[in-house]
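Coordinate analysis (summary)
Spelled out from the first residue to the last, the chains are:
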Amino acid sequence: MEFLFDRAEKPAPLWAKGATVCALLAVYSALCIWVFSISMMKWEKVWEYRVVFLNGWMTTVGISAAALVLSTLFGLAAALARRSPFLPLKYTAVFYVETVRGLPLMFLVLFGFYGVANILGWNDRMAVGVLVLSLFSGAYIAEVIRAGIESVGRSQWDSARAIGLTLAQTYRFVILPQVLKQTLPPLAGQFSSLIKDSSLLYIVGISELTFSAQQVNSATYSTFEAYLPLGVCYLLLTLPLSLWTKSLEARVRYET
Amino acid sequence: MRIGLVNVTKAFGANRVLDGVSFEAEFGHTLALVGPSGGGKSTLLRLLAGLDRPDSGGIFVDGSELPKSEESLRLYRRKIGIVFQAYNLFPHLSARDNVMLPLLQVHGLSKTAAADRAEEVLLRFQLSAHADKQPGLLSGGQRQRVAIARALAINPKFLLLDEPTSALDPEMTAEVLDVIAELRESGRPIILVTHEMGFARKSADLVAFVADGGICECRPAEEFFGNPASPATRKFLEKILKY
Ligand SMILES: Nc1ncnc2c1ncn2[C@@H]1O[C@H](COP(=O)(O)OP(=O)(O)OP(=O)(O)O)[C@@H](O)[C@H]1O
Ligand SMILES: [Mg+2]
């Protein structure tokens, strides 16, 4: 059975890895089929609601994409503001990043919708959802970017000043390109979290993926058949992102 | 070229690195700054480069005083070339792009003009074959030559070099010193911090000894090494020439 062990000093052969994956797939699907067969499967009924799933999935993709862009902007702005010598700006950024990171997303969603948006009479649920999610994720991205900026050595700032670049040019041409290369893997991880975190928006009735699964569940009285596609749909988004991150990590490692 | 310091003080906390230094020097081509580690050579060079400002006093280059605001200092720095000990280059840009960045963004050259100019200076320092490599793929000596090429590409009024060879092994040191010696022909003034006493003696017009909060001595190279006047210089030279 030695071929089933993958050790640094004696790597497993490729065929053993392939065979293991195939064998495990067979075992786990057999397990699944067995579970399916003992429960009352209502796949036909759930299939009738496929449009609901599709709409939910599209909403999740839309919200995530919008929040991805917006949270990057928030994160970048907060990271730069935190480095500003102008105290009101700097402290605003510190306050934003530290409070948001200290609060659960659930609180931000509830407070954002019922505490703030309702009182202001802002009824565009999608927009509020994207904003809350972006504010939440932006605080984490700010820290990722800030760490990235701090990891760029003093000599780079000196060299940039020596050739006469302005502060804005220094960020644009010298600092941020280096930060981007270093922070892409953690940023991609953060984006993956953002997609998963968007599921919390179902509690305020945005018809994203989780909400749709919930609807299908109550309409068909099926649980397993309603929630299994839910998980698959999230994996469809997060797995490619994770694989992409892995390849990025490998690339960054080789280049430095 | 003429430089002057009037009552210049620069301190880091309680450490007064330059303590009320007044000094004037006029030289044709090369001024070498030598002295013990921590003596204040880099501090002095950064002041002359307009990268730092003195706590008090005035710095004069060719008769005009350096400005005080960061914005005017930036305009001053645009016209001079500065090379540090190491890590001058931007690691994410190829050698060519490193040379082109200031031409494009600071000096407003067109893309083709900047590319031509970069080609020209890289050729001059035998770096054409490495133009597309990022600094990580270049040897230490090649990196410093690219840094010198970048500094020269903008046609600076003069060059400031802070120990450009101290991070290099002997062979690479020779290759970079050759380049610096060759600059003599182009007639552009150089102020150079160096630990290479042989090089200072051969190619500097003036040598200044920086230590103990000031400039102890500044004389033509032959006199400086042949017959040092101040005891501090003598002790320093004895110590480093011992081996
Ligand atoms: N940014 C700084 N902050 C605090 N202290 C500093 C700073 N820069 C220099 N110093 C101190 O000032 C003194 C002079 O430093 P400087 O770098 O000018 O010496 P140097 O003559 O260039 O030495 P070396 O030959 O080792 O490069 C040293 O004691 C150093 O610790
Ligand atoms: Mg130094």
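Look up: the structure comes first, before these words.
What this report covers is the structure whose coordinates are included nearby.

Conventions adopted
- Residues numbered from 1 in each chain as written.
- Chains lettered and ligands numbered in written order.
- Predicted model: local features only at pLDDT ≥ 70, side-chain atom pairs only at ≥ 80, totals over all residues.
- Heavy atoms only, no water.
- Helix = DSSP H or I, 4+ residues; strand = E, 2+ residues; numbered from the N terminus.
- Rg over C-alpha atoms; globule rule 2.2 N^0.38 Å.
- Buried < 20%, exposed > 50% of the residue type's maximum accessible area, 1.4 Å probe, protein only.
- Areas by Shrake-Rupley, 256 points an atom, 1.4 Å probe, with all protein chains shown as cover.
- Lys, Arg positive; Asp, Glu negative; His and termini not counted.
- Charge placed at Lys NZ, Arg CZ, Asp CG, Glu CD.
- Near = heavy atom within 4 Å.
- Polar contact = N/O pair within 3.5 Å; in protein donor to acceptor, adjacent residues only side chain to side chain.
- Contact = heavy atoms within 4.5 Å.
- Buried area = accessible area lost by both parts, 1.4 Å probe.
- Salt bridge = Lys/Arg side-chain N within 4 Å of Asp/Glu carboxyl O.
- Core = buried A, V, L, I, M, F, W, Y, C linked by side-chain atoms within 4.5 Å.
- Pairing = 2+ DSSP bridges.
- Axes fitted to C-alpha atoms, helices over the stretch in contact; angles between N-to-C directions.
- 1 Å grid on protein atoms, 1.4 Å probe; cavity = no way out; pocket = protein on both sides within 12 Å on 5 of 7 lines; lining within 4 Å.
- Points joined across faces, edges and corners; volume = space filled by probe spheres on them.
- Nonpolar A, V, L, I, M, F, W, Y, C, P; charged D, E, K, R; others polar.
- Phe/Tyr/Trp six-rings, centres within 6.5 Å; stacked < 30°, edge-to-face > 60°.
- Patch = residues over 30% accessible without salt bridge, like charges linked within 9 Å, V, L, I, M, F, W, Y side chains within 5 Å.

Let us look at the overall build of chain B. Along its length, chain B carries nine helices and 10 strands. In summary, chain B has a C-alpha radius of gyration of 18 Å against a globular reference of 18 Å for 243 residues, a match within 12%. In terms of overall dimensions, chain B has C-alpha extents of about 55 × 45 × 35 Å along its principal axes. Every one of the 243 residues in chain B was classed for burial, and the buried ones make up 55%. Here chain B displays about 10,800 Å² of accessible surface, and carbon together with sulfur accounts for 51% of that area. Each charge sign in chain B was given a centre, from 29 positive and 29 negative side chains, and these centres are 3 Å apart.

Residues and elements named next belong to chain B. Around ligand 1 sit 13 residues in total, of which S37, G38, K41, S42 and T43 are the nearest. One of the side-chain nitrogen or oxygen atoms of N15 is found 3.1 Å away from an oxygen atom of ligand 1. The side chain of E163 places a nitrogen or oxygen atom 3.1 Å from an oxygen atom of ligand 1. Look at ligand 1: alone it shows 640 Å² of surface, and the protein chains cover 61% of it. Breaking the shell around ligand 1 down by element, the ones donating at least two residues are β2 (15-26) and α1 (41-48).

The next thing to look at is the interface of chain A and chain B. Each partner contributes to the interface: chain A provides 17 residues, whereas chain B provides 21 residues. Buried surface at the junction of chain A and chain B, summed over both partners, amounts to about 1,700 Å²; 55% is from carbon and sulfur atoms. If you sort the residues of chain A by the area they bury against chain B, R161, A162 and I163 of chain A come out on top, with a joint share of 35%. Where chain A touches chain B, the interface holds two salt bridges. The shortest N-O distance in the salt bridge between R161 of chain A and E70 of chain B comes to 3.1 Å. At the boundary of chain A and chain B, one finds 10 residue pairs in polar contact (both at pLDDT 80 or more). Among the secondary structure elements, those contributing two or more residues to the side of chain A that touches chain B are α7 (154-162) and α8 (167-197) of chain A. The greatest single-element share of the side of chain A that touches chain B, amounting to eight residues, is contributed by α7 of chain A.

A few words on the nonpolar core. All names here are of chain B. Counting 35 residues, the largest nonpolar core has I3, L33, L160 and I191 as its most contacted members. With five residues, β2 is the largest single contributor of residues to this core. In contact with L160, not counting residues within four places along its chain, are L45, L48, A49, I80, G81, I82, V83 and I191.

Residues and elements named next belong to chain B. Read from one edge of the open sheet, four strands run β2-β1-β4-β5, paired in antiparallel fashion. The sheet is open, and its two edges are formed by β2 and β5 (64-65), each paired on a single side. Where α1 meets the sheet, its contacts fall on β1 (2-12), β2 and β4 (56-61), and the angle it forms with β1 comes to roughly 120°.

Using a probe with the size of a water molecule, rolled over the atoms, empty space left in the structure can be pinpointed. Its boundaries defined by the atoms lining it, the second largest pocket holds a volume of some 380 Å³. Together, 18 residues line the second largest pocket, and S42, T43, Q85, D162 and E163 of chain B are the ones closest to its centre. Mapped onto the lining of the second largest pocket, the elements with two or more residues apiece are α7 of chain A together with α1 of chain B. Per-element accounting of the lining of the second largest pocket gives the leading share, four residues, to α1 of chain B. Class assignment for the residues of the lining of the second largest pocket results in three nonpolar, nine polar and six charged.

Right, let's talk about the pairing of strand β3 (residues 30-34) of chain B for a bit. All names here are of chain B. Most of β3 is tucked away, with five of its five residues classed as buried. The alternating pattern of β3 places T30, A32 and V34 and L31 and L33 on opposite faces, both of which are buried. Relative to strand β8 (residues 190-193), β3 runs parallel, the two sharing four bridges. Residue pairing in the sheet places T30 in a bridge with I190 of β8. Sheet topology places β3 next to strand β9 (residues 206-211); four bridges connect them, and they run parallel.

This part covers the side chain of S203 of chain B. Topologically, S203 of chain B is positioned in helix α7 (residues 197-203). Beyond its immediate stretch of four places on either side in the chain, S203 of chain B contacts T30 and R184 of chain B.

All names here are of chain A. A complete count under the given rule lists six aromatic pairs over all chains for this structure. Centroid distance F107 to F111: 5.3 Å. Interplanar angle 15°. Geometry classified as stacked. Of the two residues, F107 and F111 are both situated in helix α5 (residues 105-120); the distance of four residues between them amounts to about one turn of the helix. Using a relative accessible area of 45% as the deciding quantity, one classes F111 as partly exposed.

All names here are of chain A. Taken together, L24, V27, Y28, L31, W34, V35, I38, F224, L228, V232 and L236 make up a surface patch of nonpolar side chains, about 1,100 Å² in accessible area. Within the residue set of the nonpolar patch, elements represented by two or more residues are α1 (14-38) and α10 (224-255). If you tally residues by element for the nonpolar patch, the top one is α1, at seven residues. Looking at where I38 falls in the secondary structure, it is placed in helix α1. Judged by relative accessible area, which is 62%, I38 ranks as exposed.

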